[in-house]
Amino acid sequence: MFKKLLKSSLIIASLTLFACEADEDLPIIEESSSEASGKLNVLATTPMIGEYVDQIGGDNINLTILMPPEANPHTYDPSPQDAGKIADADLIFYVGLKYEPAGLIKLLENSASSANVLVEVGEGVDPIEFKEGGHDEHEGHDDHDEHDEDKDHDEHEGHDDHEGHDDHDDHEGHEGHEGHDHGLYDPHFWFDPIRVAMAAELIKDKLIEFDSSSKTDYESSANTYIAMLNDLDKSVSELVDKVPAKNRKLITTHESLGYLESRYGVKVLTTIIPSLDSTNEISPSQLVGVMEMIEHNNIKVLFVESEAPSVYSETISSEAGIDLVTGLWVETLKENQSYKDFIMSNVELIVENLDHDDHGDHDDHDDHDDHDDHDDHDDDDHDEHEGEK
């Protein structure tokens, strides 16, 4: 009897051991990070957009930023691994407005779980048109002194005055929107903190739409961040005001400071490469035009963008006898850099290198025509006066 019990025990023990060994050989099915943590998997294409999303999403999301810091988003070449990151995302934020390379946009559209998870942030901030699109001045933003002192993020004077661009929040009309299809709109909206506040509102609304259970957290974080942006807007204004209005003129590598111009009255006279793509080549006639602009406006410095310094900068500096100012970052954040640090360091660099001496009206060549008109007016008055005699 004892031997039978011993034999039975040995058989049961063997079967148990075999079962344990078999379990070890079975594949382990892991939950996705979203399922395991209960958080949204959110992807942002650029560090700049990632900063905004992180500030509002906080601990309620798992954030992935596709592009590394200091990389030029215009020339980013997506990797095969990027497709997997895009496919795993519950929500995707990208700049849009023809900012990211066409190859990346195509990858987003093909790899995203659905079109509904793609959010084009740029079209939600009431973007301005590039000057090369036909506007010599950005409509509704020509007078820095007219800005409301409170600068409430819901009130943007002149931001609704863009012809043919009345409703950027209407996604249904996006496909037929000629401006977007042809890249007429400037995507560098981060040089206007008030428009960043508009982006923050959009991001908050989308996060709530996909994760309503964290609505209170998203709203609280967005309000805090927007308050910081309003304060930042005032700080930038104070910095720019240190430069006499007639001396707030500069030349850069390519067209990326349009929002700084429209918001704060820093006039970008021209760019070496008048295009979104800072790697484009320019013709001899364009170079001559830049040289004439420098001479006509008594420009002392040329601001060179760190992400894509133009090969023509040295030539222009040498021929025109002006200094090159490096260190300007216009496209992306550096490692561990906040958006606030980004905008303040750029504006400080610009302000420090502009002429702080008030030369008076005689140095403002842009108003030359106005002076001519004034002289003509005086002549007319003189003739009338002579006639009366």
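Residues numbered from 1 in each chain as written. Predicted model: local features only at pLDDT ≥ 70, side-chain atom pairs only at ≥ 80, totals over all residues. Heavy atoms only, no water.

> Would you mind going over the overall build of the protein with me for this structure?
Counting secondary structure elements, the protein contains 13 helices and 8 strands. Split into buried and exposed, the 389 residues of the protein put 46% on the buried side. Looking at the protein alone, contacts between residues at least 24 apart form 69% of all its contacts between residues at least 6 apart. Total accessible area on the protein is roughly 20300 Å²; 47% of this is exposed by carbon and sulfur atoms. (Helix = DSSP H or I, 4+ residues; strand = E, 2+ residues; numbered from the N terminus. Buried < 20%, exposed > 50% of the residue type's maximum accessible area, 1.4 Å probe, protein only. Contact = heavy atoms within 4.5 Å. Areas by Shrake-Rupley, 256 points an atom, 1.4 Å probe, with all protein chains shown as cover.)

> Help me understand unusual backbone geometry, please; the structure alone is not making it clear to me.
Across the chain, the bulk of peptide bonds are trans and the bulk of non-glycine residues have phi less than zero. Phi angles above zero are rare outside glycine, and Lys98 is one such case at about 65°. If you trace the backbone, Lys98 turns up in the loop between strand S3 (91-94) and helix H5 (102-111). By relative accessible area, which is 47% here, Lys98 ends up partly exposed. The backbone of Asn336 sits at a positive phi, close to 60°, despite the residue not being glycine.

> I'm lost on helix H10 (residues 284-296) in this one. Help?
Along an α-helix, a turn takes 3.6 residues, which lines up residues three or four apart on a common side. When the terminal C-alpha atoms of H10 are compared, their 18 Å separation across 13 residues agrees well with the 18 Å that a helix rising 1.5 Å per residue should span. After H10 finishes, the residue Asn298 shows a positive phi value of roughly 55°. (Expected span 1.5 Å × (residues − 1).)

> What exactly am I supposed to notice about the confidence of the model for the protein here?
Residues shown with low pLDDT carry predicted positions that ought not to be read at fine detail. Looking at the protein, the pLDDT average stands at 77 and 67% of residues meet or exceed 70. Counting contacts from residues 1-7, a segment whose pLDDT is below 50, to residues more than four positions away or on other chains yields 0 contacts. Under a pLDDT of 50 for its full length, residues 361-389 has, in the predicted model, 12 contacts with residues more than four places off or in other chains. (pLDDT = per-residue confidence, 0-100.)

> Any chance you could explain helix H3 (residues 47-57) here in plain terms?
H3 sits mainly inside the fold: 9 of its 11 residues count as buried. Along H3, the residues classified as buried are Pro47, Met48, Ile49, Gly50, Glu51, Tyr52, Val53, Ile56 and Gly57. Structurally, H3 contributes buried residues whose contacts are with strand S1 (40-44), strand S2 (61-65), S3, helix H7 (193-210), helix H8 (215-240) and helix H12 (339-353). Once H3 finishes, Gly58 follows within two positions and takes phi at roughly 55°, a positive value.

> How do you make sense of the pairing of strand S7 (residues 301-305) when you look at a structure like this?
The side chains of a regular strand alternate, residue by residue, between the two faces of the sheet. Counted residue by residue, S7 has 5 buried out of 5 residues, so it is predominantly covered. Burial of the side chains of S7 extends over both faces: Val301, Phe303 and Glu305 are buried on one face and Leu302 and Val304 on the other. The pairing of S7 with strand S8 (residues 323-328) spans 4 bridges and is classified as parallel. Bridged to Leu302 within S8 is Leu324. (Pairing = 2+ DSSP bridges.)

> What is the right way to look at the nonpolar core in this model?
One broad trend across soluble globular proteins is that nonpolar side chains are buried collectively. Counting residues in each nonpolar core, the largest one holds 62 residues, and the members touching the most others are Tyr52, Phe93, Phe189, Trp190, Leu207 and Tyr339. When neighbours within four sequence positions are excluded, Tyr52 is seen to be in contact with Phe189, Trp190, Val196, Ile203, Tyr225 and Tyr339. Counting 14 residues, the second-largest nonpolar core is a separate cluster that includes Ile92, Leu108, Ala112 and Val117. (Core = buried A, V, L, I, M, F, W, Y, C linked by side-chain atoms within 4.5 Å.)

> Explain the pattern of salt bridges to me, please; I cannot follow it from the model alone.
Between side chains of opposite charge, a pair can form as their charged atoms come close. Scanning the model with the defined rule gives 8 salt bridges in all. As a salt-bridge pair, Asp241 and Arg248 come within 3.7 Å of each other at their nearest N and O atoms. What you see here is one network of salt bridges that share partners, running through Asp192, Arg195, Asp233 and Arg263. (Salt bridge = Lys/Arg side-chain N within 4 Å of Asp/Glu carboxyl O.)

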